[in-house]
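Structural description and commentary
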Amino acid sequence: MRVLAVETSCDETSASVVEMRGDRFEVLSLVVKSQVIHEEFGGIVPELAARAHIEVIYDVVKKSLADAGTHPKALDLVAATKGPGLAASLIVGLQFAKTVALAVDKPFVGVNHLIGHIYSAYLSDPDLRPPFLALIVSGGHTELVWVEGWYSFRLLGHTLDDAAGEAFDKGGRTLGLGYPAGPKIDRLARRGKRDFHRFPKPKIKRRGYYFSFSGLKTALLHYVRNKGEEYVRENLPHIAASYQEAIVQHLYDVVSRAYSELKPPKIAVVGGVALNSRLREVFRESFGDKVLFARPEYCTDNAAMIGAAALKKYEIFGEDGQGVGVYPSLGVVEV
Ligand code: KG4
Ligand code: ZN
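We now turn to the structure provided with this report. (Residues numbered from 1 in each chain as written. Chains lettered and ligands numbered in written order. Predicted model: local features only at pLDDT ≥ 70, side-chain atom pairs only at ≥ 80, totals over all residues. Heavy atoms only, no water.)

1. What to know about the packing of aromatic side chains
Taken as a whole, this structure holds 17 aromatic pairs when the rule is applied. Relative to Tyr119, the ring of Phe25 lies with its centre 6.0 Å away and its plane at 75°, an arrangement referred to as edge-to-face. Of the two residues, Phe25 is situated in strand E3 (residues 24-34) and Tyr119 in helix H3 (residues 113-124); the sequence distance between them amounts to 94 residues. For the pair shown, Phe25 and Tyr119 are each scored as buried. Plain terms: the ring middles of Phe199 and Tyr243 are 5.8 Å apart, the flat faces sit at 80° to each other, and that makes the pair edge-to-face. Of this pair, Phe199 sits in the loop between helix H5 (182-189) and helix H6 (214-227) while Tyr243 sits in helix H8 (residues 236-262); the two residues are 44 residues apart in sequence, bridging distant segments of the chain. The class of Phe199 is buried, set by a relative accessible area of 9%. Residue Tyr243 is classed as buried on the basis of its relative accessible area, which comes to 0%. Taken together, the ring pairs connect Phe25, Tyr119, Tyr122, Phe132, Trp150, Tyr151, Phe153 and Phe317 into an aromatic cluster. (Phe/Tyr/Trp six-rings, centres within 6.5 Å; stacked < 30°, edge-to-face > 60°. Helix = DSSP H or I, 4+ residues; strand = E, 2+ residues; numbered from the N terminus. Buried < 20%, exposed > 50% of the residue type's maximum accessible area, 1.4 Å probe, protein only.)

2. Re the environment of Lys313
Note on placement: Lys313 falls in helix H11 (residues 303-317). Once the C-alpha coordinates of Lys313 and Tyr151 are considered, the two residues, 162 residues apart in sequence, prove to be 7.1 Å apart. Once you skip the residues sitting within four places of it in the chain, Lys313 turns out to touch Lys82, Gly110, Tyr151, Gly318, Asp320 and Val335. (Contact = heavy atoms within 4.5 Å.)

3. Let's talk about the sheet that holds strand E10 (residues 291-293)
Read from one edge of the open sheet, 5 strands run E8-E7-E6-E9-E10, paired in mixed fashion. Looking at strand neighbours, the two that pair on one side only are strand E8 (152-158) and E10, the edges of this open sheet. For this sheet, the mean angle separating the axes of adjacent strands, direction not counted, is 25°. Direction of pairing for strand E9 (residues 267-270) relative to E10: parallel, over a ladder of 3 bridges. The residue of E10 that forms the bridge with Ala268 is Leu292. Contacting strand E6 (132-137), strand E7 (142-149), E8, E9 and E10, H3 runs over the sheet at an angle of about 120° to E6. (Pairing = 2+ DSSP bridges. Axes fitted to C-alpha atoms, helices over the stretch in contact; angles between N-to-C directions.)

4. Some thoughts on the pattern of salt bridges
Scanning the entire structure with this criterion turns up 20 salt bridges. For the salt bridge of Lys170 with Asp162, the shortest nitrogen-to-oxygen distance reads 3.2 Å. Residues participating in the shared-partner salt-bridge network are Arg2, Glu19, Arg21 and Glu26. (Salt bridge = Lys/Arg side-chain N within 4 Å of Asp/Glu carboxyl O.)

5. Topic: the nonpolar core
The biggest cluster of nonpolar side chains holds 86 residues, and the ones touching the most others in it are Phe25, Tyr119, Leu144, Val269 and Phe283. Of the residues forming this core, the biggest block, 12 residues, is contributed by H8. Looking at which domains feed residues into this core, each of domain 1 (2-119 + 298-317) and domain 2 (127-297) supplies at least three. Counting 21 residues, the second largest nonpolar core, distinct from the first, contains Val6, Val56, Val61 and Leu65. (Core = buried A, V, L, I, M, F, W, Y, C linked by side-chain atoms within 4.5 Å. Domains from an automatic or database assignment.)

6. Thoughts on the site of ligand 1
Around ligand 1, the surrounding shell holds 20 residues, and the nearest of these are Gly139, Asp169, Asp186, Gly272 and Asn276. In this structure, Ser138 approaches ligand 1 through a side-chain N or O atom, which is 3.4 Å from an oxygen atom. Residue Gly140 places a main-chain N or O atom 3.3 Å away from an oxygen atom belonging to ligand 1. For ligand 1, whose accessible area on its own is 560 Å², the fraction buried by protein is 89%. When atoms are counted within 2 Å of each cavity's grid points, the one that captures over half of ligand 1 is the largest pocket. Of all the secondary-structure elements, those providing two or more residues to the shell around ligand 1 are H3, helix H4 (164-174) and H5. Formed jointly, the shell around ligand 1 draws a minimum of three residues from each of two domains, domain 1 (2-119 + 298-317) and domain 2 (127-297). (Near = heavy atom within 4 Å. Polar contact = N/O pair within 3.5 Å; in protein donor to acceptor, adjacent residues only side chain to side chain. Areas by Shrake-Rupley, 256 points an atom, 1.4 Å probe, with all protein chains shown as cover. 1 Å grid on protein atoms, 1.4 Å probe; cavity = no way out; pocket = protein on both sides within 12 Å on 5 of 7 lines; lining within 4 Å. Sits in = over half its atoms within 2 Å of the grid points.)

The structure is reproduced here in structure tokens:
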């Protein structure tokens with residue numbers, strides 16, 4: 001089974017050709033084009049994102065087919081992300097992919113972006129099988145999911161306010177770092193003292209596996225206002241390291257509670273924030289080889305994970321067909 005998958009839910013235009021043999025996936029090609037226009041605005045501008053997708057989607061898809069040495073006629077399936085994400089951006093990729101499917105008379109499926117992120121774990125470790133625990137940490141999402149089967153998921157908890165990536169990005173803005181700030185904080189923190197300042201631990205009343213980052217973001221804002229610009233500039237690596245530590249420890253606290261209560265055979269960490277070096281260090285120290293981090297190329301948004309999720313979805317549920325639309329607020333584990 002061979003799929004062409006397209007991903008345009010946010011600010012990456014991506015296409016990939018993926019093959020499934022038995023329960024294993026092989027990525028034959030992966031093209032990702034990241035938009036840079038949003039940097040100057042300090043965040044993603046939906047209208048600009050959609051327009052940028054339109055300009056490059058043809059070249060991105062064409063290159064992914066050429067890199068895989070294939071042609072649309074040789075595909076078994078065409079797929080695209082149907083949500084969650086930015087409506088206008090989703091429409092560009094979904095409509096383009098549906099048109100390819102129509103032109104060569106192939107079945108089409110729409111994929112949940114977050115299920116795609118979960119599938120990045122299978123691409124990173126071909127031996128991984130359900131059940132396992134998945135922590136999705138990205139710019140827009142922080143969710144803990146129990147993966148019961150290939151297409152059977154239980155949402156255990158989520159953030160009650162900001163996503164982990166947002167905590168990095170908004171904190172970075174307060175510290176005068178550009179967007180996205182996650183990688184910048186990560187790099188700065190390597191030469192900073194983690195115990196320089198102790199940010200408050202989030203207090204969560206709701207029972208379950210929930211996260212909260214907005215208090216942390218506010219605490220940083222107050223801290224920076226109190227200390228003044230010069231002090232912050234002089235101690236930037238230390239402040240970045242302390243702030244990062246608070247985010248990482250909170251993620252660790254919730255996941256380690258789930259780990260001891262649910263005893264999963266594996267914990268998969270996926271999404272852009274899974275690239276964070278301190279997060280990797282803390283989780284490795286504690287969970288050892290039980291923790292699996294998505295490979296860097298599959299952490300940030302990419303169409304290979306959408307392709308893998310599409311192949312399994314098609315095998316289990318069949319095609320969606322040309323009638324499928326976009327669902328900007330699709331639920332985390334909605335098929
Ligand atoms: O998964 P992703 O590419 O896009 C979404 O679906 O949101 O994640 C992007 C997020 C951004 O918030 C970015 O700051 C964060 O991932 N990020 C990091 C690192 N690299 C990317 N956060 C912390 N440390 C990093 N090394
Ligand atoms: Zn994503």
